[in-house]
Amino acid sequence: MGVAVHYSKISQHMRRRANWLLTGCLDELVADYVFPVPVELLSTRVIVRTPEEGRAMLDLWHRTLRDRGVVGLQSKVVALDVPRGGRFRIWVDYHEVIPGQEASLFSSVLYYCSTTATGFQIEMVSYPRLSTPELNPQFAALALSA
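Please read all numbers here as calculations on a predicted model, not as lab measurements.

Caption draft 1: Just the overall build of the protein chain, in detail. Each helix and strand counted, the protein chain has 4 helices and 6 strands in total. Sequence-ordered secondary structure for the protein chain, helices as α and strands as β, is α-α-β-β-α-β-β-β-β-α. For the protein chain, the proportion of its 146 residues judged to be buried stands at 43%. Expressed as a percentage of contacts within the protein chain between residues at least 6 apart in sequence, the contacts between residues at least 24 apart total 53%. For the protein chain, the exposed area adds up to about 7,600 Å²; of that, 55% sits on carbon and sulfur atoms.

Right under this line is the structure:
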């Protein structure tokens, strides 16, 4: 299977993940992760130890998007590593669609993944840019308190 096929499948999956986040389908999102998951949020590093902790962090992001009036979340795969040794990285920007707002807010996410027989799983995540940096301490508090 060539890189273009992988890119297409991964782009489709990232679009589904954006939709799941916006609609609150947290179990579907959490199923992609291998726990524990190291997460870097801007300058804060935390370990998300369980699916429940992951669900709580994703729920916080979901509720924040909803409360800010986001009606669409568009994912764009910016870059994709060629898999080596069963591992690769995916760079994704998530652009928020808010009615009446001209400037697009977006978050950038770097996923560290491994290939499996059924697709891929996320082993580590880095958020170099959050559309809502004020969530950084809340994310960290959730992970540390769980």
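Caption draft 2: Looking closely at the environment of V97. Tracing the backbone through its elements, the reader meets V97 in strand β4 (residues 87-97). Along the primary structure V97 and V70 are separated by 27 residues, whereas in three dimensions their C-alpha atoms are 5.5 Å apart. Discounting residues that sit within four places of it in the chain, V97 has contacts with G69, V70, V71, G72 and Q74.

Caption draft 3: The pattern of salt bridges, seen in detail. One pass over the full model with this rule turns up 9 salt bridges. One salt bridge connects R17 with D32, and the closest N-O pair in it is separated by 2.7 Å. Within this pair, whereas R17 is found in helix α1 (residues 3-23), its partner D32 is found in the loop between α2 (26-30) and β1 (37-41), the two being separated by 15 residues in sequence. With relative accessibility at 9%, the residue D32 sits in the buried group. Its salt-bridge partner being R87, residue E123 comes within 3.0 Å of it at the nearest N-O pair.

Caption draft 4: Broad picture of the sheet that holds β4. Read across the sheet, 6 strands follow the order β2-β1-β6-β5-β4-β3 without closing on themselves; strand pairing throughout is mixed. On the outer flanks of this sheet lie β2 (44-48) and β3 (72-80), each paired with one strand and no other. Strand-to-strand twist in this sheet, taken as the mean axis angle between neighbours without regard to direction, amounts to 25°. Of the pairings in the sheet, the one linking β1 to β2 comprises 5 bridges and is antiparallel in character. Paired with V39 across the two strands is V46, which belongs to β2.

Caption draft 5: The arrangement of the pairing of β3 in detail. Here β3 runs beside β4; their pairing, made up of 8 bridges, is antiparallel. Paired with Q74 across the strands is H95, a residue of β4. Taking the residues between adjacent antiparallel strands as the criterion, β3 and β4 are bridged by 6 residues, where G85 takes a positive phi near 60°.

Caption draft 6: Looking closely at helix α3 (residues 51-67). Here α3 contains 17 residues, and its C-alpha end-to-end distance of 24 Å stays within 8% of the 24 Å for a straight helix at 1.5 Å per residue. Listing the buried residues of α3 in full gives E53, G54, M57, L58, L60, W61, H62, T64 and L65. Count one or two residues on from α3 and you reach G69, which has phi positive near 85°.

Caption draft 7: Looking closely at the environment of S43. Looking at the element boundaries, S43 is found in the loop between β1 and β2. We classify S43 as exposed; its relative accessible area is 66%.

Caption draft 8: Representation of the nonpolar core within the structure. Counting 36 residues, the largest nonpolar core has M14, I90, Y94, Y111 and V125 as its most contacted members. No other element matches α1, which puts 6 residues into this core. Every residue in contact with Y94, bar those within four places of it in the chain, is listed here: M14, R17, A18, W61, L73, Q74, S75, L105, F106, S107, V109 and Y111.

Rules and cut-offs
Residues numbered from 1 in each chain as written. Predicted model: local features only at pLDDT ≥ 70, side-chain atom pairs only at ≥ 80, totals over all residues. Heavy atoms only, no water. Helix = DSSP H or I, 4+ residues; strand = E, 2+ residues; numbered from the N terminus. Buried < 20%, exposed > 50% of the residue type's maximum accessible area, 1.4 Å probe, protein only. Contact = heavy atoms within 4.5 Å. Areas by Shrake-Rupley, 256 points an atom, 1.4 Å probe, with all protein chains shown as cover. Salt bridge = Lys/Arg side-chain N within 4 Å of Asp/Glu carboxyl O. Pairing = 2+ DSSP bridges. Axes fitted to C-alpha atoms, helices over the stretch in contact; angles between N-to-C directions. Expected span 1.5 Å × (residues − 1). Core = buried A, V, L, I, M, F, W, Y, C linked by side-chain atoms within 4.5 Å.

Function cannot be inferred from these measures alone, as they are strictly geometric.
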